[in-house]
Amino acid sequence: MMRTGIRIVSPEETERQQYFMEEIKKLPQKPKSFFVVTYGCQMNAHDSEKLKGMLTKMEICEASAREDADLVVFNTCCVRENAERKALGNITWLKEIRKRNPSLIIAVCGCMIQEPGMAERILRQYSFVNLAFGTSNLYRFPEMLHNTLNTDRPIVEIENDDIIPEDLPVQRARSEFAYLTVMYGCNNFCSYCIVPYVRGRERSRLPDRILKEADELLHDGVKEIMLLGQNVNSYGKDLANGINFAGLLEKLDSMGIQRIRFMTSHPKDLSDELISAMADSKHILPQFHLPVQSGSNAVLRNMNRCYTREQYLDRVEKLRCSIPGIGLSTDIIVGFPGESDADFSETMQLVEQVRFDSAFTFVYSPRIGTKAAYMPDQIDPEISTERIQKLISLQERLQQDTMRRFIGSEEEILVENLSKRSDLDVSGKGRHGISITVRGNKADIGSILKCRITGLKNNTLIAERID
Ligand code: 5AD
Ligand code: SF4
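The model shown is predicted, which means the values in this text are computed figures rather than measured ones.

A. Molecular detail of the overall build of the protein. Regarding its fold elements, the protein presents 14 helices and 21 strands. In summary, the protein has a C-alpha radius of gyration of 23 Å against a globular reference of 23 Å for 467 residues, a match within 12%. Oriented by its inertia axes, the alpha-carbon framework of the protein measures out at about 60 × 60 × 50 Å. A buried classification covers 56% of the 467 residues belonging to the protein. Here the analysis covers contacts within the protein between residues at least 6 apart in sequence; of these, 75% occur between residues at least 24 apart. Of the roughly 20600 Å² of accessible surface on the protein, 49% is carried by carbon and sulfur atoms. Counting 61 positive and 65 negative side-chain charges, the protein places the averaged centre of each group 3 Å from the other.

Below, the structure is given as structure tokens:
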């Protein structure tokens, strides 16, 4: 797909979409209820909050289950094949529900739609879908939905521009926690990854816009903000005013937001300046997600990651020296084309050496259009399965030890929900990004509790209150 340029959505365009939201309210065929199904990463979760924000403005209510809704939106992911398969399976299943509810509207959006050839495939094989649109078209959802409600034909919109949407209404999943996008897209072209093809080139939001949104969230009572971007460390490289991510963090830190986290970071762009900004800050939490992907230099080179194992370890060392006790998480892929037993052993050794607080582990999944999909020596799925099992059990064993370092220490937990295991407990995340369970009830949800860690159960820390 040819990308033509970066464009900030204009106030006129925003007004136009507001007009369509008002128009939909008046339509007799307006759906009464909606359900948004979300796959994939935090970016997608936040896009779904924007879809829900727009739908709520149209006075359409959120249904408690997709079977009960008149409008179902699938916000898809295509980073691995199983995410895609799952979405397509669920869309097909909904076709059966349409038999019970003929006026059911099915919309599909997100990264999968942006894949080359996918829109045509949806039209051909999934002709019961009413509306399909790409990630860059999200801001036009009201107009597209209006058109859908006024026609029997499927509507497909895929924008080629790299859009920066602004001023979209957001319906947050939790009142005390908010996502805040600082940049969109990615320029890195890791050889396995489809994201740059479906989310476009890196583009930073203007700092004033970000700070204004942060201020609004602060006044709305938000206690924790997670800054989002595919590679937040390259924030500002495309802006003329010289601000970088460290500078942005300093500004956000001075606003008085209680807790600030961010993700994701690329090791090649993790500067000493950023680490110092974190170390000197009051509100940036001592937590870092730093995907390593592999412990082998040969594999890292083929992945086009632009750092070596040694450089990665140096960044970890620097983070741990500057921010003692920092919580460290990572992403690892096994079974990348050409990964030998020796390469895999190097990944195992790196995991053993670093001792991550958590690791998201994936079997390599070939994505059409990416460089790695055409590399020789694709790995036998049986070997990949064996490797991922070894990796998961190593990480589980190490994680038990790593987490024990918190026992006896004080933590502040932002309570997210009632514990799944007991009605008498609540759980949430500590400052280091680790899940913690403590005695509590519904009234504690959204508060920050001061606790002391007393133990560890099934990879969750147990705490007691101290205030
Ligand atoms: N196969 C397996 N894992 C992948 N990831 C990205 N692309 C692929 C792929 N083709 C993983 C990376 C990335 C995380 C979000 O998903 O580890 O950091
Ligand atoms: Fe994908 Fe690499 Fe960009 Fe992350 S940095 S989104 S893995 S291309």
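Don't stop here, the text continues.
B. Quick look at the site of ligand 1. Taken together, Val 79, Arg 80, Tyr 192, Gln 293, Asp 331, Ile 333, Phe 362, Val 363, Tyr 364, Ser 365 and Arg 367 make up the full set of residues near ligand 1. Tyr 192 places a main-chain nitrogen or oxygen 3.0 Å from a nitrogen atom of ligand 1. The separation between a nitrogen atom of ligand 1 and a polar main-chain atom of Ser 365 is 2.8 Å. For ligand 1, the accessible surface in isolation is 410 Å², of which the surrounding protein chains cover 86%.

C. Looking closely at empty space enclosed by the protein. Throughout the structure, instances matching the rule amount to two cavities of 30 Å³ or more. Approximately 130 Å³ is the volume found for the largest cavity. Forming the boundary of the largest cavity are 13 residues, of which Thr 135, Ser 136, Pro 165, Tyr 184 and Arg 199 lie nearest the centre. A per-class count over the lining of the largest cavity returns five nonpolar, four polar and four charged. Estimates place the volume of the second largest cavity at around 60 Å³. Lining the second largest cavity are Val 9, Thr 14, Gln 17, Gln 18, Met 21, Tyr 139, Glu 166, Asp 167, Leu 168 and Pro 169. Among the residues making up the lining of the second largest cavity, the classes are represented as five nonpolar, three polar and two charged.

D. Structural context of the packing of aromatic side chains. A complete count under the given rule lists 11 aromatic pairs for this structure. Geometrically, the ring pair formed by Tyr 307 and Tyr 312 is tilted, given 6.1 Å between the ring centres and 35 degrees between the ring planes. Connected via pairs of aromatic rings, a cluster forms that spans Tyr 192, Phe 336 and Tyr 364. One cation-aromatic arrangement involves Arg 80 over Phe 362; the distance from NZ or CZ to the ring centre is 3.8 Å.

E. Structural detail: the pairing of strand S9 (residues 177-181). S9 sits mainly inside the fold: five of its five residues count as buried. Of the two faces of S9, both are covered, the one formed by Phe 177, Tyr 179 and Thr 181 as well as the one formed by Ala 178 and Leu 180. Across five bridges, the pairing between S9 and strand S12 (residues 224-228) is parallel. Along S12, the bridge assignment pairs Leu 180 with Leu 227.

F. Examining the packing of helix H8 (residues 207-219) against helix H9 (residues 245-253) more closely. At a minimum axis separation of 11 Å, H8 and H9 run at an interaxial angle of 30 degrees. Judged by the inter-axis angle, H8 sits roughly parallel to H9. When you trace H8 past H9, the crossing you get is right-handed. For the pair formed by H8 and H9, the contact residues are Pro 207, Ile 210, Leu 211 and Ala 214 on the first element and Leu 248, Lys 251 and Leu 252 on the second.

G. Structural context of the sheet that holds strand S14 (residues 287-289). Pairing is parallel in the open sheet, where three strands are placed in the order S14-S15-S16. Each edge of the sheet is formed by a strand with only one pairing partner; in this case those strands are S14 and strand S16 (358-363). Ignoring which end each strand starts from, the neighbouring axes of this sheet average 10 degrees apart.

H. Layout of the pairing of S12. The buried count for S12 comes to five of five residues, which makes it a mostly enclosed element. Burial along S12 is two-sided: Glu 224, Met 226 and Leu 228 facing one way and Ile 225 and Leu 227 facing the other are all buried. By the bridge criterion, five bridges tie S12 to strand S13 (residues 259-263) in an arrangement that is parallel. In the sheet register, Ile 225 faces S13, and the bridge partner there is Ile 260.

I. Fine view of the environment of Asn 244. Along the polypeptide, Asn 244 turns up in the loop between S12 and H9. A relative accessible area of 27% places Asn 244 in the partly exposed class. As for Asn 244 and Ser 234, which are separated by 10 residues in sequence, their C-alpha atoms are 7.3 Å apart. Non-local contacts of Asn 244, meaning those with residues more than four positions away in its chain, are made with Tyr 235 and Glu 273.

Quick notes on the rules
Residues numbered from 1 in each chain as written. Chains lettered and ligands numbered in written order. Predicted model: local features only at pLDDT ≥ 70, side-chain atom pairs only at ≥ 80, totals over all residues. Heavy atoms only, no water. Helix = DSSP H or I, 4+ residues; strand = E, 2+ residues; numbered from the N terminus. Rg over C-alpha atoms; globule rule 2.2 N^0.38 Å. Buried < 20%, exposed > 50% of the residue type's maximum accessible area, 1.4 Å probe, protein only. Contact = heavy atoms within 4.5 Å. Areas by Shrake-Rupley, 256 points an atom, 1.4 Å probe, with all protein chains shown as cover. Lys, Arg positive; Asp, Glu negative; His and termini not counted. Charge placed at Lys NZ, Arg CZ, Asp CG, Glu CD. Near = heavy atom within 4 Å. Polar contact = N/O pair within 3.5 Å; in protein donor to acceptor, adjacent residues only side chain to side chain. 1 Å grid on protein atoms, 1.4 Å probe; cavity = no way out; pocket = protein on both sides within 12 Å on 5 of 7 lines; lining within 4 Å. Points joined across faces, edges and corners; volume = space filled by probe spheres on them. Nonpolar A, V, L, I, M, F, W, Y, C, P; charged D, E, K, R; others polar. Phe/Tyr/Trp six-rings, centres within 6.5 Å; stacked < 30°, edge-to-face > 60°. Lys NZ or Arg CZ within 6 Å of the ring centre and 35° of its normal. Pairing = 2+ DSSP bridges. Axes fitted to C-alpha atoms, helices over the stretch in contact; angles between N-to-C directions. Parallel < 35°, antiparallel > 145°, perpendicular 65-115°, else oblique. Left-handed = near helix turned anticlockwise from the far one by under 90°.

Coordinates in, geometry out; function isn't part of it.
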